[in-house]
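# Observations on the model geometry
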Amino acid sequence: MTGGQAIKVRLVPEGGERVIQAERPLKAGELLRMLGMNEEVAVVLRDGKPLLPEDLVPPGETVDVVRVLSGG
């Protein structure tokens, strides 16, 4: 197994971690879909700052995925 070919995802508020194997940078929206989510229910954060769905997340990076809770 080669090192650095994965994106580590910390799930908030669940507290778990997932590792997504990636040979290339993934768009934040693509990463969410791989986790079974979309931009309406979660946001990807890099260093505490939200990423747009088209922003790239390269292999070797760690990001947070925060579920967005909304009420009506």
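As shown above, the structure is provided for reference.
Quick look at the structure, then. (Residues numbered from 1 in each chain as written. Predicted model: local features only at pLDDT ≥ 70, side-chain atom pairs only at ≥ 80, totals over all residues. Heavy atoms only, no water.)

If you tally the helices and strands in the protein chain, you get one helix and seven strands. A globule of 72 residues ought to have a C-alpha radius of gyration of about 11 Å, and the protein chain, at 12 Å, matches this closely. With respect to the principal axes defined by its C-alpha atoms, the protein chain has extents near 45 × 25 × 20 Å. Counting every position in the protein chain, which comprises 72 residues, the buried fraction comes to 28%. A separation of at least 24 residues holds for 50% of the contacts in the protein chain among residues at least 6 apart in sequence. Summed over all atoms, the accessible surface of the protein chain reaches about 4700 Å², with 53% contributed by carbon and sulfur. Once the 9 positive and 11 negative side-chain charges of the protein chain are each reduced to a mean point, those two points are 2 Å apart. (Helix = DSSP H or I, 4+ residues; strand = E, 2+ residues; numbered from the N terminus. Rg over C-alpha atoms; globule rule 2.2 N^0.38 Å. Buried < 20%, exposed > 50% of the residue type's maximum accessible area, 1.4 Å probe, protein only. Contact = heavy atoms within 4.5 Å. Areas by Shrake-Rupley, 256 points an atom, 1.4 Å probe, with all protein chains shown as cover. Lys, Arg positive; Asp, Glu negative; His and termini not counted. Charge placed at Lys NZ, Arg CZ, Asp CG, Glu CD.)

Mapped onto the elements of the fold, Asp64 is located in strand S7 (residues 62-67). In terms of polar contacts, Asp64 uses its side chain to reach the side chain of Arg10, at 2.6 Å. With sequence-adjacent residues up to four places away left out, Asp64 is seen in contact with Arg10, Val12, Val43, Val44 and Leu45. (Polar contact = N/O pair within 3.5 Å; in protein donor to acceptor, adjacent residues only side chain to side chain.)

Under the criterion given, the structure shown has six salt bridges. With a closest N to O distance of 3.9 Å, Lys8 and Glu17 form a salt bridge. (Salt bridge = Lys/Arg side-chain N within 4 Å of Asp/Glu carboxyl O.)

The next point concerns the sheet that holds S7. Note on sheets: strands pair through backbone hydrogen bonds, and any given pair is parallel or antiparallel. Spatially, S2-S1-S7-S4-S5 is the arrangement adopted by the five strands of the open sheet, whose pairing is mixed. Both outer strands of the open sheet, strand S2 (17-21) and strand S5 (49-50), are each paired with one neighbouring strand and no more. Looking at chain direction, strand S4 (residues 42-46) and S5 are connected through two bridges and run antiparallel. Within S5, the position partnered with Arg46 by the bridge is Lys49. (Pairing = 2+ DSSP bridges.)

Within the element layout of this structure, Pro53 appears in the loop between S5 and strand S6 (56-57). For Pro53, a relative accessible area of 34% gives the class partly exposed. Residues Pro53 and Leu31 lie 22 residues apart in sequence; the distance between their C-alpha atoms is 8.9 Å. Beyond its immediate sequence surroundings of up to four residues, Pro53 is in contact with Lys27, Ala28, Gly29 and Glu39.

Looking at chain direction, S4 and S7 are connected through four bridges and run antiparallel. For Val43, the partnering residue across the bridge sits in S7 and is Val66.

For the rest of this paragraph, the subject is the environment of Gly15. On the secondary structure map, Gly15 appears in the loop between strand S1 (6-12) and S2. Residues Gly15 and Val66, 51 residues apart in the sequence, show an inter-C-alpha distance of 10.0 Å.

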